[in-house]
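# Fold and geometry: a report
Chain residues, written in single-letter form:
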Amino acid sequence: MVLLAIESSCDESSAAVLIDGQIRSNVVATQLIHQQYGGVVPELASRAHQQHIVSVVAEALTRAEVTKNDLNVIAFTRGPGLLGALLVGTSFAKSLALGLNIPLVDVHHMQAHVLAHFLQDPHPSFPFLCLTVSGGHTQIVLVRDYLDMEVIGETQDDAVGEAFDKTAKLLNLPYPGGPLIDKYAQTGNPDRFALPDVDTPGLNYSFSGIKTAILYFLRKETAQNPNFIEENLADICASVQATLIRILLTKLKRAARETGIKEIAIAGGVSANSGLRKELQQTGEKLGWNVYIPNFEYCTDNAAMIGMAGHYKALRGEFCPQTVSPLPRMEW
């Protein structure tokens, strides 16, 4: 099976080629234009996808040493994501599949993040728990099989990635700010500033309250010292990051206790955070977990993970018709 995968859910234009489930190429074009606006501008993202998609697909085919006529299947991100961005990838995939007379596979973006673990070894055994953390999602997923997943806990408001980015904005850090908080946190004292934990019923999360608490904390301190942020940046970042990680892992530990599962994975853009990766490893050693963390290139949005999800759907004959349309709020 020679499969072309296309990812265009947000601000990464990506294409990958998998042959019999083995990755042969994975090309990602990052849209830098959003940096000057402090966040992703949907209309600009759509235009950038239009500009990049032909070149990233061509590059993916070249690196994999195949041509479009070698393709058997095309997989694409149907949702969730930005409607205009999804339209570009969906339309391109449909057109190419129609022209080549080959089947289409529609992929759920967050399920693909989970399956990114199977792009590398070692990978988790079923069943396992996966903490999916990104700018738009924070979920604990019970994974019984490649295509049998259940969300058993999720954020009730904002995602943890948004909490990182909004905090970075309050600290006057450029977009994307999450990686910069991680960078400064590495030299800071995580116990310097006490921030409140947020507890919600069951395995669900909430991050809107912690964002508000950080806002009021910074307002209070800068009123007394206008240079407070500049003088204490590393300690602020370390304290914020430690608090967010503690909230994430508290619920993950509860999920592991309640299910009895010790195969634990993380996925999504925030799984690239060095503090979260380190803390998860240490927690796993204490609790006897088998911990799985994807390589950095498979944490952020990429087409290889879309291809892996598409591979397993294609094996089961789960193709979609040419009438398919994107679903910005696609359900599991």
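What follows is about helix 9 (residues 303-315). Over its 13 residues, helix 9 extends 18 Å from the first C-alpha to the last, a length consistent with the 18 Å expected when each residue adds 1.5 Å. Those residues of helix 9 lying buried are Ala303, Ala304, Met305, Ile306, Gly307, Met308, Ala309, Gly310, His311, Tyr312, Lys313 and Ala314. Packing partners of the buried residues in helix 9 comprise strand 1 (2-7), strand 2 (12-19), strand 3 (22-30), strand 4 (73-79), strand 5 (104-108) and helix 3 (109-115). At the N-terminal end of helix 9, a side-chain oxygen is found 3.1 Å from the backbone nitrogen of Ala304, two or three residues along, and the residue is Asn302. Immediately beyond the C-terminal end of helix 9, within one or two residues, lies Gly317, with a positive phi of roughly 70°.

This part covers unusual backbone geometry. One can expect most non-glycine residues to show negative phi and most peptide bonds to be in trans. Pro80 follows Gly79 through a cis peptide bond whose omega is -10°. If you trace the backbone, Pro80 turns up in the loop between strand 4 and helix 2 (83-100). Cis geometry marks the peptide bond from Asp121 to Pro122; its omega dihedral reads -5°. Within the secondary structure, Pro122 is located in the loop between helix 3 and strand 6 (128-133). Positive phi is not limited to glycine here, since Asp20 has a value of about 50°. When you line up the elements, Asp20 lands in the loop between strand 2 and strand 3. At Asn101, a residue that is not glycine, the phi angle is positive and equals roughly 55°. Its location among the elements puts Asn101 in the loop between helix 2 and strand 5.

What counts and how
- Residue positions are given per chain, counted from 1 along the sequence in the order it is written.
- Per-residue local features of the predicted model are confined to residues with pLDDT of at least 70, and side-chain atom pairs are confined, for both listing and counting, to 80 or more; whole-chain, interface and lining totals are unaffected and use all residues.
- Excluding hydrogens and water, the side-chain values take into account all heavy atoms of the structure.
- The numbering of helices and of strands both runs from the N terminus, where a helix is a DSSP run of H or I of at least 4 residues and a strand a run of E of at least 2.
- The span you would expect from a helix comes to 1.5 Å times its residue count less one.
- Residue burial is assigned from relative accessible area. The probe radius is 1.4 Å, only protein chains are included, and a residue is buried under 20% of its type maximum, exposed over 50%, and partly exposed in between.
- Note on contacts: a residue pair qualifies if any of its non-hydrogen atoms lie within 4.5 Å across the two residues.
- The term polar contact refers here to a pair of N or O atoms within 3.5 Å; inside protein, the definition further demands a hydrogen-donor-capable atom paired with an acceptor-capable atom, and it admits residues adjacent in sequence only when both atoms are side-chain atoms.

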